[in-house]
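Coordinate inspection notes
Okay, here's what each chain looks like letter by letter:
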Amino acid sequence: MRDISREVLDKIKEEGIVPRPKRYFILRRSTVWILFCFSIILGSIACSTVIFRVKNAEWDLFHHFKGNLLEFLLIYTPYFWGIFMIFFSFIAYYYFRQTQGGYRFRAITIIILSLLISVAGGMGTYSAGITERMETVFEEKLPFYHGVSFHSRMVWMSPDKGLLAGRISDITKSGSFLLNDLDGNEWHINAEGAVWRGRLTPSTGLEIKLIGTRIGPNSFRADEVRPWHGRKNRGAKDRHN
Amino acid sequence: MSQMPLHTLYNQMTDEELVRYSLHDENAFYILMKRYEPALLRYINRIMQASREEAEDLLQEIFIKVYRNINGFDINLKFSTWLYRIAHNEVISQYRKNRRYRSSLNIDDAVNDSRLLVNFLTDTFNMESDYLVREMGVEVKKVLEKLAPKYRDVLVLRYLEELSYEEISDIIQKPSGSVATLLNRAKEKFKKLAEQYQLERK
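Here's a quick rundown of the structure.

Cut-offs and rules
Residues numbered from 1 in each chain as written. Chains lettered and ligands numbered in written order. Predicted model: local features only at pLDDT ≥ 70, side-chain atom pairs only at ≥ 80, totals over all residues. Heavy atoms only, no water. Helix = DSSP H or I, 4+ residues; strand = E, 2+ residues; numbered from the N terminus. Buried < 20%, exposed > 50% of the residue type's maximum accessible area, 1.4 Å probe, protein only. Contact = heavy atoms within 4.5 Å. Areas by Shrake-Rupley, 256 points an atom, 1.4 Å probe, with all protein chains shown as cover. Salt bridge = Lys/Arg side-chain N within 4 Å of Asp/Glu carboxyl O. Buried area = accessible area lost by both parts, 1.4 Å probe. Polar contact = N/O pair within 3.5 Å; in protein donor to acceptor, adjacent residues only side chain to side chain. Nonpolar A, V, L, I, M, F, W, Y, C, P; charged D, E, K, R; others polar.

Turning our eyes to something else, we now look at the overall build of chain B. When its secondary structure is counted, chain B shows 11 helices and 0 strands. The order of helices and strands in chain B, counted from the N terminus, is α-α-α-α-α-α-α-α-α-α-α. For chain B, the proportion of its 202 residues judged to be buried stands at 52%. Taking the contacts inside chain B whose residues are at least 6 apart along the sequence as the reference set, 64% of them involve residues at least 24 apart. Summing over all exposed atoms, chain B offers an accessible surface of approximately 9900 Å²; the carbon and sulfur share of this is 44%.

Throughout the structure, instances matching the rule amount to 16 salt bridges over all chains. The salt bridge involving D160 of chain A is made with R214 of chain A; its shortest N-O contact spans 2.9 Å. Placement of D160 of chain A in the loop between helix 7 (147–156) and strand 1 (163–173) and of R214 of chain A in strand 5 (residues 207–216) is noted, with a sequence separation of 54 residues between them. A salt bridge links E167 of chain B to K78 of chain B, with the shortest nitrogen-to-oxygen separation between them at 2.6 Å. With E167 of chain B in helix 10 (residues 165–172) and K78 of chain B in the loop between helix 4 (52–68) and helix 5 (79–98), this residue pair connects regions lying 89 residues apart in the sequence. Relative accessible area serves as the criterion here: at 14%, E167 of chain B is assigned to the buried category.

In this complex, chain B contributes 31 residues to the contact, which on the side of chain A involves 26 residues. When residues of chain B are sorted by the area they lose upon contact with chain A, Q60, R68 and N71 of chain B head the list and together hold 22% of the total. Applying the counting rule to chain B against chain A returns 4 salt bridges. Two residues, D170 of chain B and R104 of chain A, come together in a salt bridge whose shortest N-O distance is 3.2 Å. For the pair chain B and chain A, the interface holds 16 residue pairs in polar contact (both at pLDDT 80 or more). For the side of chain B that touches chain A, the secondary-structure elements that each account for two or more residues are helix 3 (26–47), helix 4 and helix 10 of chain B. A per-element tally of the side of chain B that touches chain A places helix 4 of chain B first, with 10 residues. Here the residues of the side of chain B that touches chain A are counted per class, giving 12 nonpolar, 7 polar and 12 charged.

Geometric values such as these leave the question of function open.
Structure follows, in structure tokens:
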């Protein structure tokens, strides 16, 4: 009968097999914990972006969608970031399971806890103003990152619903100007009596959003003008006649 | 110090003490292996269809893996639990490689295993335990073989290896609650299969 233990011992001695060093296991365990924390941080960022998007959504435009709540929500709900947040909670769960005692907890408990930590982290990140700065930096530095403007573009390129956005290409006369919309089409804008929000001064190259009525194939009467970047109520209201 | 007294000393040590000594002396690891060789060999045979040689080769691989990873031994676990965990994972990985995961039908082993399985079989089928052990050994083992690996695993660990829920949880790395659920399902599946094989009527 084989003495397996003896055979193994001989093999260990002959082949010079040695135990892996302790630091190997410390590094492996630390890596798992770092990846878990990293997933939670990314989940928190995703959550803070959700909060930022929801808080900065232009909910007052709902009436332009003539009661079509679903269409409005589809445009403004940051589902992509929501999915991201859930995705990172699952990743966090995966890494937590790899920790020494992680398997002792039920999957649902870990996932819910990861989500809660992400939500708490997201609220903290948002409150600290980090999300807004991040959005600004991403939009400026990353050409592929459309950020909030992606949703805004979908909403504001709806002249038939009374919403239009673009860049002023020429000031024709007081209260009127030419606007190149986000698709590059030229519009004659009549902004007499329009409310200019956010301390705006009409000038060539200014990026704006208009609320008003389409009055012709390429003509639009503006009742309200908002800055393309930033929030509508930032700054005082000005009226330009 | 001569070889013999050192071995005697090692023999008196706990598993956990031997783990510490194994880092500096392979002979301490030899004592550890000797302690678990029969139990692990039996465990491999119970959950995997393999010839004796194959099972022994696998056990060798398991012991070498244990030795390589001995610095990673989780001190929160019993050494035996950690050892079974590695064995369990190795058997699973072997199964994935070969898709072979059925126990061999050694009649003596089967009768012995049945004796252990009686704990829950007598409750489930209301049969005389002696009858089950003597007459149904092979049949019981056959039914056990037909079970999906995950169900067979928990039944083997619980009723043949006689481990607690917590130990099984540490071995298969699932929460204790899931172990209990798995075990209940395994019993139900076993009962259905047993009915299919007319185990009750024999």
